Amino acid sequence: MDKKFIYKSLLDILDKEEIFLDEPMKNHISFKVGGPADFLVKPKNEEQIKKLVTLLKEENIPYIIVGNGSNLLVKDGGIRGVVIKIADNFNHFEVKDTTVFAQSGALLSFMGKAVLNNNLTGFEFAAGIPGTLGGAIAMNAGAYGGEMKDMVKSVRLMDEEGNIFELKNEEMEFGYRKSILSKKDYIVLSAILELQEGNHDEIKNRMRELTKSRVTKQPLNLPSAGSTFKRPEGHFAAKLIEDSGLKGLTLGKAQVSDKHAGFVVNLGNAKAKDILDLIDVVKSTVYSKFGVMLEEEVKILGDE
């Protein structure tokens, strides 16, 4: 890979300040682990994203799209090619009546404050999810009985050829922790959400209630990617892990949280390998005891 050529090509699309070379991915994911990306870029608009995708595809340069990195685990070898971070520079959103328009890099926590100020209900469960709208839509994020599919009206997407199109809710193929993006390499550009009018105090109290529940039950004081495993059909991952005697198990600087067994956490300066090895121990132990194969909810990227 000719890094000089790639850098020069990126400069034709982006400002120098939007291009980062050999960028440690631990600075961009909530797990705080991961080796360097050859390049990390932060586009500001759809046109830049389109030009980037077109360039990288034409030159056969590998690329990965990330948001706020709250559901990712990057391996210690880092990522070859280009990481396109759609977050910091692509996060505009606005509220009009009961409708919310938002670019995919908008943080759910910021959106939560805005919909509260506009007395809109239906977003309470999402306000405490530490990620971007794009990532939440891609995996149909959910919590406390709510899912993104409950409020998404339509999604603006881009395919690998740079074509931009819109899909309605029913065309997004939402399911448990998945959407059409689980099988198609589309990029979420923006979305329109439809909420309902509500009572300000009731919405505020519900958000506080959910925040209190998260703080009380989840290890939010330590780096993690949230729930490490998907909920297996007919079971709860955390209960299976705890009943396997794994709660609090430590490997290197990675730990099955002693507060919530569904979370693998970074105790400080963990290697991605520590976390991956611990995930493997959890999966094999639970399978041997209960015959249930856990599946990671966290997305694993990069080289060993």
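As shown above, the structure is provided for reference.
Right, let's walk through the structure included here.

Conventions and cut-offs
Residue numbers run consecutively from 1 along every chain, following the written order of its sequence. Where local features are concerned, this predicted model is filtered to residues with pLDDT of at least 70; where side-chain atom pairs are given and counted, the filter is 80 or more; whole-chain, interface and lining totals use all residues. Each side-chain value is derived from all of the structure's non-hydrogen atoms; neither hydrogens nor water enter the calculation. Strands are labelled as partners when DSSP assigns at least two bridges between them. Here a strand is any run of E in DSSP of at least two residues, a helix any run of H or I of at least four, and the numbering for each starts at the N terminus. Simply put, an axis is a line fit to the C-alpha atoms, just over the touching stretch for a helix, and the angle between two N-to-C directions goes from 0 to 180 degrees. Throughout, a residue-residue contact means that at least one pair of heavy atoms, one from each residue, lies within 4.5 Å. A pair is scored as a salt bridge if a Lys or Arg side-chain nitrogen falls within 4 Å of a carboxyl oxygen belonging to Asp or Glu. Burial classification: accessible surface area is computed with a 1.4 Å probe over protein chains only, and a residue below 20% of its type maximum counts as buried, one above 50% as exposed, and the rest as partly exposed.

## Notes on the sheet that holds strand β12 (residues 164-168)
Okay, so step 1: Taken together, the five strands give an open sheet; going across it, the order is β6-β7-β13-β11-β12, and neighbouring strands pair in antiparallel fashion. Unpaired on one side and paired on the other, β6 (93-96) and β12 mark the two borders of the sheet. For this sheet, the mean inter-axis angle between neighbouring strands, taken without regard to orientation, is 15°.
Okay, so step 2: Across six bridges, the pairing between strand β11 (residues 152-158) and strand β13 (residues 187-194) is antiparallel. Opposite Met 158, over in β13, you have Ile 187 as the bridge partner.
Okay, so step 3: Along the sheet, helix α2 (residues 46-58) contacts β11, β12 and β13; its crossing angle with β11, the most-contacted strand, is approximately 45°.
Okay, so step 4: Its contacts with the sheet put helix α3 (residues 108-117) on β6, β7 (99-103) and β13, and the angle it makes with β6 is roughly 20°.

## A few points about the pattern of salt bridges
Okay, so step 1: What the rule picks out here adds up to 21 salt bridges.
Okay, so step 2: Across the pair Arg 80 and Asp 38 runs a salt bridge whose closest N-O atoms are separated by 3.2 Å. On the criterion of sequence distance, the pair formed by Arg 80 in strand β5 (residues 79-85) and Asp 38 in strand β2 (residues 36-41) is long-range, its members being 42 residues apart.
Okay, so step 3: Arg 80 gets classed as partly exposed once you look at its relative accessible area, which sits at 32%.
Okay, so step 4: Asp 38 gets classed as buried once you look at its relative accessible area, which sits at 6%.
Okay, so step 5: Across the pair Glu 297 and Arg 177 runs a salt bridge, and its minimum N-O distance is 3.7 Å. Here the residue Glu 297 occupies a position in the loop between α7 (272-290) and β18 (299-301), and Arg 177 occupies one in the loop between β12 and β13, the gap between them amounting to 120 residues.
Okay, so step 6: For Arg 177, a relative accessible area of 14% translates into the label buried.

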